[in-house]
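Each chain, written out:
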Amino acid sequence: MEVGFDEKEYLSCCGSTRFAKDMALASPFSSLEHALSVARDIWFNNVDVNGWLQAFSSHPQIGQTHSPSHASQTSAQWSKGEQSTALATATGSSLQELSEWNARYRQKFGFVFLICASGRSTDEILAELKRRYTNRPIVEFEIAAQEQMKITELRLAKLFSSRENISSTTDKYSTTVAKKAEDRISIIGGHVTAASETSTGKSPRTRPPITTHVLDVSQGSPAAGIEVLLEVWRGTQARPTFGAADGGSWLFIGSSVTNSDGRSGQLLSIVDEVNPGIYRISFNTGRYNPSGFFPYVSIVFEIKESQKREHFHVPLLLSPFSFNTYRGS
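Predicted, not measured: the structure shown is a model, and the values here were computed from it.

**Student:** Before we move on, could you go through the overall build of the protein and cite the residues and values that matter?
**Tutor:** Scanning the protein from terminus to terminus reveals 11 helices and 10 strands. Across the 329 residues of the protein, 46% fall into the buried class. Summed over all atoms, the accessible surface of the protein reaches about 16,400 Å², with 53% contributed by carbon and sulfur.

In structure tokens:
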């Protein structure tokens, strides 16, 4: 069944009128995955700089519960929920410090500090704000746009979930189903976030430079128990060739199994600089879902010399017959 919403509902997901209008014109969508794909294309390719700034301005300052007057009621409610973990872990002093850094950030960049706050504590958000404050404006503007897209994706998932709940009102257990759906979206919200790290960062690492987690979109929850394998290319050729036999040229680095949060354990040592090269991370999806379409999924990516101090987060979004991945940060 195809699903679509009106312009006002899309505006609650993203405060850009251009985005909302284009999404409404592209509706209906065959699935959430279809809607997310179109949304990314519209946001990054159709919406201009003014549209990005318009979307940013619809968000409240992190640490505050009141939204701008032009934000919709739905958007305001979602913002409050997305900041619930931060507010629950805040103290008077941490909120004061967060407010001061928010003011510095706005003065430097000209827009509100934007981060997909779901599942993040006040201390985590404050540390990220301080780190991103050192960025050049053009770099930070792009990061803020990426964070807005993460928020938009979570809110689109909520929209689709609400439509599914409405269509099942004849089920005597519909109230319970709706609550579980909200819980699943909340769980995803806490995972589809990644702290962006740039090569300018000088602080010692506190986690491995390559991490991953897996989310089961069909269940709306983390995928636990998936075997994960990390390898690096050590062939006679500089890089692997598409379609050619590997010839045993992938060198094992580490393996783990995703926990109840869908996150893998440590795949390699915590080092300040990761060795540049071509890496492959593989997921044993066949064991997790024997009836699924993919026996396993492998993702190949390159870490360049200029990126050796960056953090590479490789999340995997699974559905029964498809998967999506993107470089987190």
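Following the structure, the description resumes.
**Student:** Give a description of the packing of helix H2 (residues 17-26) against helix H3 (residues 32-46) that names residues and reports values.
**Tutor:** Contact pair H2 / H3: the axes reach a minimum separation of 10 Å and the direction vectors enclose 140°. The orientation of H2 relative to H3 falls into the category oblique. For the element pair H2 and H3, the recorded crossing hand is right-handed. Counting all contacts with H2, which are made through Arg18, Phe19, Asp22, Met23 and Ala26, the residues of H3 involved are Ala35, Val38, Ala39, Ile42, Trp43 and Asn46. Counted by class, the contact of H2 with H3 contains 8 nonpolar, 1 polar and 2 charged residues.

**Student:** Just give me the short version of the environment of proline 208, but keep the residues and values in it.
**Tutor:** Its location among the elements puts proline 208 in the loop between helix H10 (174-189) and strand E1 (210-211). The class for proline 208 is buried, based on a relative accessible area of 11%. As a C-alpha pair, proline 208 and valine 274 span 66 residues in sequence and 8.9 Å in three-dimensional space. In this view, proline 208 contacts Gln266, Leu268, Ser269, Ile270 and His311; residues no more than four positions away in its chain are not counted.

**Student:** I'd like to hear about the environment of phenylalanine 312, residue by residue, with values.
**Tutor:** Of note, phenylalanine 312 is situated in strand E8 (residues 312-313). Each C-alpha atom, one on phenylalanine 312 and one on threonine 212, is 8.4 Å from the other, the two residues being 100 residues apart in sequence.

**Student:** Let's hear about the pattern of salt bridges: which residues, and what values?
**Tutor:** What the rule picks out here adds up to 12 salt bridges. Arginine 131 is the partner of glutamate 128 in a salt bridge, and the nearest nitrogen-oxygen pair spans 2.9 Å. In this pair, glutamate 128 and arginine 131 both sit in helix H8 (residues 122-133), 3 residues apart, roughly one turn of the helix. Pair check on accessibility: glutamate 128 and arginine 131 agree, each one buried. One salt bridge connects arginine 287 with glutamate 227, and the closest N-O pair in it is separated by 3.2 Å. Remark: glutamate 227 occurs in strand E4 (residues 227-233) and arginine 287 occurs in helix H11 (residues 285-288); sequence separation between them is 60 residues. Relative accessible area serves as the criterion here: at 30%, glutamate 227 is assigned to the partly exposed category. Each of Arg239, Glu302 and Lys304 takes part in a single network of salt bridges with overlapping partners.

**Student:** Can you break down the confidence of the model for the protein residue by residue, with the values?
**Tutor:** Residues at a pLDDT of 70 or more form 75% of the protein, whose mean pLDDT is 78. When mean pLDDT is compared element by element in the protein, H2 scores highest at 95, while H10 scores lowest at 46.

**Student:** Requested: an account of the pairing of strand E6 (residues 277-283), with residues and values cited.
**Tutor:** The buried fraction of E6 amounts to 7 of the 7 residues, a majority that puts the element mostly inside the structure. Sheet topology note: the E4/E6 ladder contains 5 bridges and is antiparallel. Bridge assignment links valine 232 to a residue of E6, and that residue is tyrosine 279. Pairing between E6 and strand E7 (residues 297-303): 7 bridges, direction antiparallel. Counted as the bridge partner of arginine 280 is valine 300 from E7.

**Student:** Account for the state of the cysteines, naming residues and giving values.
**Tutor:** Counted according to the given criterion, the structure contains 0 disulfides. The closest cysteine sulfur to the non-disulfide-bonded cysteine 13 is located on cysteine 14, 8.3 Å from its own sulfur.

**Student:** Can you break down unusual backbone geometry residue by residue, with the values?
**Tutor:** Residues serine 27 and proline 28 are joined by a peptide bond in cis, for which omega reads 0°. In this fold, proline 28 is placed in the loop between H2 and H3.

**Student:** Describe the sheet that holds E7, listing the residues and the values that go with them.
**Tutor:** Pairing within the open sheet is antiparallel, and its 4 strands lie in the order E5-E4-E6-E7. The open sheet has two free edges, formed respectively by strand E5 (250-257) and E7, since each of these has just one partner strand. Each adjacent strand pair in this sheet contributes to an overall mean axis angle of 20°, direction not counted. Looking at chain direction, E4 and E5 are connected through 7 bridges and run antiparallel. If you follow glutamate 227 over to E5, its bridge partner there is valine 257.

The rules behind the values
- Residues numbered from 1 in each chain as written.
- Predicted model: local features only at pLDDT ≥ 70, side-chain atom pairs only at ≥ 80, totals over all residues.
- Heavy atoms only, no water.
- Helix = DSSP H or I, 4+ residues; strand = E, 2+ residues; numbered from the N terminus.
- Buried < 20%, exposed > 50% of the residue type's maximum accessible area, 1.4 Å probe, protein only.
- Areas by Shrake-Rupley, 256 points an atom, 1.4 Å probe, with all protein chains shown as cover.
- Axes fitted to C-alpha atoms, helices over the stretch in contact; angles between N-to-C directions.
- Parallel < 35°, antiparallel > 145°, perpendicular 65-115°, else oblique.
- Left-handed = near helix turned anticlockwise from the far one by under 90°.
- Contact = heavy atoms within 4.5 Å.
- Nonpolar A, V, L, I, M, F, W, Y, C, P; charged D, E, K, R; others polar.
- Salt bridge = Lys/Arg side-chain N within 4 Å of Asp/Glu carboxyl O.
- pLDDT = per-residue confidence, 0-100.
- Pairing = 2+ DSSP bridges.
- Disulfide = S-S within 2.5 Å.

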